[in-house]
Amino acid sequence: MIRTSFNDGWQVRPKVNPFAELSGPAVPFAPVTLPHDAMIGRTRSTAEDGAGAYFPGGAVEYRKSFPVPEQDRGKRIVLEFEGVYRDAVVFLNGAYAGQRPYGYSRFLIDADRFLKFGEDNEVRVEARTHKDSRWYTGAGIYRDTWMLVGGVVRIAPDGVAVSTPDVDAERAVVEVAVTVVNDSIEIATHDLAIELRDPDGAVVADGATPVTVLPGESTTARLRLYVPGPRLWNVDNPALYRAEATLGALDRETVTFGIRSLRLDPVHGLRINGETVKLRGACIHHDNGIIGAVSAPAAERRRVRLLKEAGFNAIRMSHHPAGPALLDACDALGMLMIDESFDVWTSGKSEFDYHLNFADWWERDVEAMVVKDRNHPSVIMYSIGNEISETGTPAGAALGRKLAEKVRSLDPTRYVTNGINNMLAVMADLAVLRQQRQERQEEGGGINTAMANAGDMMNAIAASELVTGKTAQSYALLDVAGMNYSESRYALDKTLFPNRIILGTETFPTRIDGNWALVREHDHVIGDFTWTGWDYLGEVGIGRPQYLGADERPEFTAPYPYLLAGCGDIDITGHRRPASYYRQIVFGLRSQPYLAVRRPEHHDRTVTGTPWVWSDAIASWTWPGFEDKPVTVEVYADADEVELLINGHSAGRRALDRFRTEFEVTYQPGDLVAIAYRDGQETGRDLVRTATGPIRLYAQPEQPSVAAGSGDLAYVTLTLADNDGAVHTGADRTVTVTIEGDGELLGFGGANPATAEKFHQTTHTTYEGRALAVVRPTGPGEIRLVATAPGCEAADVLIPVEKAAQP
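Residues numbered from 1 in each chain as written. Predicted model: local features only at pLDDT ≥ 70, side-chain atom pairs only at ≥ 80, totals over all residues. Heavy atoms only, no water.

Novice: What's the story with the overall build of the protein chain in this structure? I'm lost.
Specialist: Across its full length, the protein chain carries 14 helices and 48 strands. Relative to a compact globule of 807 residues, whose C-alpha radius of gyration would be 28 Å, the protein chain shows 28 Å and is just as compact. Burial statistics for the protein chain: of 807 residues in total, 57% are counted as buried. For the protein chain, the proportion of contacts with a sequence separation of at least 24, taken over those separated by at least 6, is 71%. (Helix = DSSP H or I, 4+ residues; strand = E, 2+ residues; numbered from the N terminus. Rg over C-alpha atoms; globule rule 2.2 N^0.38 Å. Buried < 20%, exposed > 50% of the residue type's maximum accessible area, 1.4 Å probe, protein only. Contact = heavy atoms within 4.5 Å.)

Put into structure tokens, the structure is as follows:
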């Protein structure tokens, strides 16, 4: 079918009661280009929930007028929505055309029966959100939309499936299955031809067969083709092939795929193309920071690129299916993906979440996920859930088996996991466990030490006999036992369940050194996924350091105006935080040490918080007003010891423990240098320098040009720095941006975890000297961005906008 973008020409407004409009003014529509987040511009308030970043829910409606030419009469016309959050209902020319409750499933609307040919038509889409998630979801049509047009005999949408069941260095077997639909009243026989093209575009294999389809039916034709000397897809060399299916003169479809093999066992772990791969994983939510839930190809490519540069080689989509743009980015850049189906099954976590729809819709939503994913070489595993409380019960295990077998029936080439939180799985039985602990305490088991924090508590529960018995069936139905915050079972299960392969599907960032040592030590443990790789909107403040008085207690959720979780290795603008460099050192991917300095205003104060909390240190030696005051310097390194120099004078050497050490020094502006040593020899050094002199405002595009009409975006970083580029982290100020030419501002802001400013406005305050502007091109030409700030000269950049290349 011919596929064209359906993103332009939309309008949006809050959904209104038609009876209210009869007696009052009509609520106007505003023009909008998809994808679009209808929530990010709403006014937050304390009346809302911190899980959703204090954004209000509500209903929204979109509409679009579009012509359908007379020559399309008799053809099949389909509208494709990659994602609408949530409870989408679609109307065509006033008639109900379809719906989809789940906000993360791609769905199709058969449109031709509702259309007027040779005239304008109207599509209207309603969506609504209200206390239905544990994180920020956004609202509306936040992913791409498409119109598909084809004949009555055609290749079905998503009808080309490619697998590589047998791969070696000499040749690869590539099986192409093509589903052909016949909506005519006659038997149809047509030739189906397949061509496989390598990454350079050369045809490397082809085949053909006649296909007969009975009227009103569909059929699947399979061809086994053989690619000599295949270029294998892996994280270091993500070679992508194309399969082109041609159905006579009627239809043509092209899909991208990779040639690679997967193997799994408890001795070698996960092998890709015969080589063992340990998963250096990042859990991520779907929002893209200052542009909200908008899933644009450029945003997803940027996020995957930055995560990979930070040392990750795998993403766990948390906790719902990933969008096509993110999967395409993972394919192209070499990032492995675990795609996840649901955060809930039949037991809800929010008042109006998907558990209300699960029984009626789960099979269709699993089908949508797998059909979307099956040609993506980056996808190596499907997760059937996250922290599902039912997994500790026989009924829950039976339901989990249904989900797992449904996935396998659709795609037997990938593995199935489930992110099981062992504590949550036995929550109803914790009274029994508490009694067992009390008995151990009486026997001198020292349980008080194990309960020193929530992470220890979760691990103590995970390693209990109660969990071992209650979760045995839920783990046995999986190919990979996904465990959230349960590293205490890694060594234990090697003995209890020698065939069990374990993946740390969610872990505390502060424990990566110990967790990664376990991953490296145990062959049956194939990786670790931190919570989280990228900071996100919602679950506000779970990663914030808390400085409490004598009578104060730490709180899980931060008060308004907190906006962010604050626990990502990378902040919402794409800037790496100290935890990211620490992790890279633990992974063995960085030889240089890394310097971070705790905020001196909190020196000598006791810090506490959740197990997701890192310190408040940042890579800065610019602390105006704290001259000659005490300050704590953190140094991370894979070394025996580290020496710290302040303006060339040694502040001493210290040994490292768990890849880190600390120095208590007095702040003196100038140069701060850390030198790492192993066996007495220098292995690397890091430098941070005080910003001096006048503050300048810099604007720097991340790419030299962008393309219009291709999902591309212009990212412009804004920094307050001195003449030598040292960022002034202690002199934040309000920055205003104006956009001229062929672009529009999509989002603008910083990474301040607690701000009442809005990302869709043109003025925002920097955070730690940084901000980010995202501009969407509106057509070929040029974008001009001008940024101004008090006391600074204006920063002016020009970004060429090219015409999008034809596919």
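Anyway, onward from the coordinates.
Novice: I would appreciate a short explanation of the pairing of strand β14 (residues 171–182) in the present structure.
Specialist: Where a strand is regular, its side chains alternate between the two sheet faces. With respect to burial, β14 is a largely interior element, 10 of its 12 residues being buried. Sheet analysis places strand β13 (residues 153–167) next to β14, joined by nine bridges and oriented antiparallel. Of the residues in β14, the one forming a bridge with Val 160 is Val 178. If you look at the hairpin formed by β13 and β14, you'll find three residues sitting between the two strands. (Pairing = 2+ DSSP bridges.)

Novice: I tried to follow unusual backbone geometry on my own but got confused; where do I start?
Specialist: Across residues other than glycine, the phi torsion is negative in most instances, and most of the peptide bonds are trans. Leu 34 connects to Pro 35 through a cis peptide bond whose omega is 0 degrees. Cis geometry is adopted by the peptide bond preceding Arg 86, which originates at Tyr 85 and carries an omega value of 0 degrees. If you trace the backbone, Arg 86 turns up in the loop between β6 (84–85) and β7 (88–92). We note that Glu 539 has phi near 45 degrees; this positive angle belongs to a residue other than glycine.

Novice: Teacher, can you tell me more about the environment of Gly 609 here?
Specialist: Along the chain, Gly 609 turns up in the loop between β33 (607–608) and β34 (630–636). Once the C-alpha coordinates of Gly 609 and Ala 708 are considered, the two residues, 99 residues apart in sequence, prove to be 45 Å apart.

Novice: Please explain the state of the cysteines as it appears in this structure.
Specialist: Disulfide: a covalent bond connecting the sulfur atoms of a pair of cysteines. Under the counting rule described, the total for this entry stands at zero disulfides. Summary of cysteine pairing: Cys 567 is not part of a disulfide, and the nearest cysteine sulfur, belonging to Cys 283, is at 9.9 Å. Looking at Cys 567, the relative accessible area reads 4%, which means it is buried. (Disulfide = S-S within 2.5 Å.)

Novice: How should I be thinking about the nonpolar core in this particular structure?
Specialist: Note on soluble globular proteins: their nonpolar side chains tend to be buried together. Within the largest apolar cluster, 66 residues are counted, with the highest numbers of intra-cluster contacts made by Leu 307, Met 337, Phe 342 and Ile 384. In terms of residue count, the dominant contributor to this core is helix α4 (residues 358–373) (six residues). Aside from chain neighbours lying at most four places away, what touches Met 337 is Ile 315, Met 317, Ala 322, Leu 326, Leu 327, Cys 330, Ser 378, Val 379, Ile 380 and Met 381. Counting residues in hydrophobic clusters, the runner-up holds 55 residues, among them Met 39, Ala 88, Ile 109 and Ala 296. (Core = buried A, V, L, I, M, F, W, Y, C linked by side-chain atoms within 4.5 Å.)

Novice: Please clarify how the pattern of salt bridges should be interpreted in this entry.
Specialist: Where side chains of opposite charge bring their charged atoms close, a pairing between them can arise. For the structure on display, the rule yields 61 salt bridges. The shortest N-O distance in the salt bridge between Asp 456 and Arg 511 comes to 2.8 Å. With Asp 456 in helix α9 (residues 454–462) and Arg 511 in the loop between β29 (502–507) and α13 (512–521), the pair connects residues that are 55 residues apart, well separated along the chain. On the basis of relative accessible area, Asp 456 is assigned to the partly exposed category, the value being 22%. Taken together, the salt bridges that share partners define one network made up of Arg 13, Lys 15, Glu 61, Arg 124, Glu 126 and Arg 128. (Salt bridge = Lys/Arg side-chain N within 4 Å of Asp/Glu carboxyl O.)

Novice: What exactly am I supposed to notice about the sheet that holds β13 here?
Specialist: Strands pair in a sheet through their backbones, by hydrogen bonds, and they do so in one of two ways: parallel or antiparallel. The strand order across the open sheet built from three strands is β13-β14-β17, with neighbouring strands paired in antiparallel fashion. Pairing within the sheet leaves two strands with one partner each, and these edge strands are β13 and β17 (217–228). Neighbour-to-neighbour, the strand axes of the sheet open up by a mean angle of 20 degrees, direction not taken into account. The sheet contact formed by β14 and β17 spans 12 bridges and is antiparallel. Considered in β17, the bridge of Val 173 is made with Tyr 226. (Axes fitted to C-alpha atoms, helices over the stretch in contact; angles between N-to-C directions.)

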